[in-house]
Structures are given as structure tokens and as C-alpha cells.
Amino acid sequence: MTAIRVIDSHTAGEPTRLVLEGGPELGDGPLARRVERFRTQFDNYRSGIVNEPRGSDPLVGALLVPPHRPDCQLGVIFFNNVGYLGMCGHGTIGLIASLHHSGQLQPGSIRIDTPVGAIEAQLAEDGTVSVVNVVSYRSAHRQAVNVPGIGTVVGDVAWGGNWFFLVSEHEQTLDLAHVEALTDFSWRLRAAVNAQGYALVDHVELFSAARIPGAHSRNFVLCPGKAYDRSPCGTGTSAKLACLAADGKLAEGEAWMQESLIGSSMTGRYRWQDRERGAIIPTISGTAHVTGEATLHFDPRDPFCWGIRA
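To keep things clear, this report deals only with the structure shown in the data block. For clarity, every value in this text was computed on a predicted model and none was experimentally measured.

Brief notes about the state of the cysteines
Overall, the coordinates contain 0 disulfides when judged by the stated rule. A disulfide-free cysteine, Cys88 has its sulfur positioned 7.2 Å from the sulfur of Cys233, the nearest such atom. Owing to a relative accessible area of 6%, Cys88 belongs among the buried residues under this scheme. Not engaged in a disulfide, the cysteine Cys233 finds its nearest cysteine sulfur in Cys223; these two sulfurs lie 6.0 Å apart.

Okay, structure coming up:
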């Protein structure tokens, strides 16, 4: 019987499961290399932790590991129902809130090693977490994509710790009553974007007018495993900030409040890292709440011990 101790939380509605003890031993070296060990040697852990019957499609797992970079105090590898994530903004906020809840972290700053670079998190006394993300940028502007059964969709390709196709011009209604239609549209769009030469894009982000006071826009983010993000998506908001900066629509240091499909929000700001290249360093702020602590049991006699896989 394998036992894994976890803390569950949600950030603006999106769940995170932090693995504290009992996860796979991935050795040392850069985290990108350890992700490959996770994928090739221990993928059953990923599936068992986040997939049914213990988890759900929206759930993101966070495995604490020793950092490789000498300037970082801890390392983390994020994973979901179908694979592994370069970075996860909501997951980092959930990680910090969970470590604070367990008494392992006090308000202040901490540097965190991830597979795509070092980030910094600041925990305020009121529980707000601000994440200084990896360098973000737009790689393609106003790309026209022919989507079978839909037509031409125009959007930007941008990096915010994961790869996104961002679309503001569409005829979709961004609310909970239209989740199935939004999922279908975004899934078809992602396939067309991949087929048109952007194979690394695994997130689709749609925008519309905001509905809550103070917010600048509402978004719908479809994640790699076909679940939509209940939060405004930290890496997706980072990608959005990169596009706004490149278009001159948001000044350095100016706040951008991003609303999610369920009406929750995060606030983003950026500073230029390289104005000529359009590279920014975004900071995403939000809150997370711990929802439970548990020990997950993995019984080898259970036919679904390591999760229900598609």
C-alpha cells in the first residue's frame, strides 16, 4: 500500500493538490530533466493523484522537489489529467497558501525552481500571493487559422509559462451556460492551430467584456486535458499581458484585472525585460484557500489504483 500526503486548495475556483510526502523520487539535476523522469518512469503517480477516482479533470497536481538552481529555496513540478505543465500560476498561489497553512512558510518572499525557469512568490500578511513569473512574450500576432466547421479565427500566439492561442474576435458567449459550446469551439481551434504549425500551443484563451466591477476583461481558458480553467489562469494572464504590452495597450506597472468564467479574478502587472524583443516579466496576484488535507492510499488490488485514464 502506497500512501501520499496532500493538501488541497483552490485559487479563484481552480483546484490544486500539493504533494507533501510519498511522491516519486525523481533524483537530482535540472527540473526539466526530472519532468522527463516523471513522464517516462512514474507517470502512474501523476494519473493516480489527479485523475478519477481520487481527482477530477480540472485538478492540477504540484510535486515539491529539491531545487536545482542555487538561488531557489524549493522546486515544484506541476501536472494535470493528461501530462505536465511548464508553469502554473494558480498552482503556485495554491502552493504558497498550502505551505503557509501547514506552517512551513511565513509571509515574505521565496524563490521557486520550475522546469521553465525560476519564479518568485511573495506572501502578504493578508494572504494575497504575488507571483513574479518567467519572462513572457508574444511570438505571433494576428494569425488567421482556418478551423473546419467554424471558419477563420484570428488570434495571437504567446508564452506565459505555457503556450497559448489568444482570441478576442469571436462570436462565443463567455458564461457557464455555454461551457459545452466554448469547449467544442476551443478544442477544434486548438487542433487547427497545432495543424497550422504551432504544435506547442496547448491552451486556448478567449476574451470578452468584463462583468465584475474593476475588471478589464473576462476569459475562458481551455487547458490541455479539455477542462476549462475556473480561475483567470496565471500563465494565461501573463500571456495576455505580453500581448497588451506589445500592442502598447497597457503601460509598464499598470494593473490589469482579469476575470474568469465563474466571476473570480486575478490582477496582473508587468515590467519590461527587453522592450525591443517584446519580452516582459509579469507579476500575477491572487488568493487561494485550503480545502482539505488527506492521505491518499494506493492499493495494488484496486483495478483503478493509478487512476482512470482516457
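Text resumes after the structure shown.
What to know about the nonpolar core
Where a protein is soluble and globular, its nonpolar side chains tend to be buried together. If you look at the biggest cluster of nonpolar residues, it comprises 60 residues, and the most contacted ones within it are Phe78, Ile96, Ile112, Phe165, Leu189, Leu206 and Phe220. Counting residues per element, this core draws most heavily on helix H4 (residues 179-195), which supplies 6 residues. Beyond its immediate stretch of four places on either side in the chain, Leu189 contacts Val145, Val147, Val153, Phe165, Val167 and Val204. Of all hydrophobic cores here, the second largest spans 19 residues; its members include Val6, Val19, Leu26 and Leu31.

Some remarks on helix H5 (residues 234-247)
Taking 1.5 Å of rise per residue, the 14 residues of H5 would be expected to cover 20 Å, and the 20 Å separating its terminal C-alpha atoms lies within 8% of that figure. Extensive coverage of H5 is indicated by the burial of 12 of its 14 residues. All of the buried residues along H5 are Gly234, Thr235, Gly236, Thr237, Ser238, Ala239, Lys240, Leu241, Ala242, Cys243, Leu244 and Ala245. Once H5 ends, the next one or two residues include Gly248, with phi positive near 70 degrees.

Quick look at helix H3 (residues 89-101)
Between its terminal C-alpha atoms H3 stretches 19 Å, which fits the 18 Å expected from 13 residues at 1.5 Å a residue. Across the 13 residues that make up H3, a large majority, 11, are buried. Gly89, His90, Gly91, Thr92, Ile93, Gly94, Leu95, Ile96, Ala97, Ser98 and Leu99 are the residues of H3 that are buried. Just past H3, the residue Gly103 takes up positive phi, approximately 80 degrees.

Topic: the environment of Leu26
Tracing the sequence through the fold places Leu26 in the loop between strand E2 (14-21) and helix H1 (31-41). The exposure class of Leu26 is buried, given its relative accessible area of 4%. For the pair Leu26 and Phe38, spaced 12 residues apart in the sequence, the C-alpha separation amounts to 6.6 Å.

Section: unusual backbone geometry
Cis rather than trans, the peptide bond between Glu52 and Pro53 has omega equal to 10 degrees. Here Pro53 is to be found in the loop between helix H2 (43-50) and strand E3 (60-65). Notably, Ala12 is not glycine yet its phi reads approximately 55 degrees, a positive angle. Counting through the fold element by element, Ala12 comes out in the loop between strand E1 (2-11) and E2. Of note in the backbone geometry, Arg142 takes a positive phi value of approximately 50 degrees without being a glycine. The topology assignment puts Arg142 in strand E9 (residues 137-147).

What counts, and at which threshold
- Residues numbered from 1 in each chain as written.
- Predicted model: local features only at pLDDT ≥ 70, side-chain atom pairs only at ≥ 80, totals over all residues.
- Heavy atoms only, no water.
- Disulfide = S-S within 2.5 Å.
- Buried < 20%, exposed > 50% of the residue type's maximum accessible area, 1.4 Å probe, protein only.
- Core = buried A, V, L, I, M, F, W, Y, C linked by side-chain atoms within 4.5 Å.
- Helix = DSSP H or I, 4+ residues; strand = E, 2+ residues; numbered from the N terminus.
- Contact = heavy atoms within 4.5 Å.
- Expected span 1.5 Å × (residues − 1).

Purely geometric numbers; function is a separate question.
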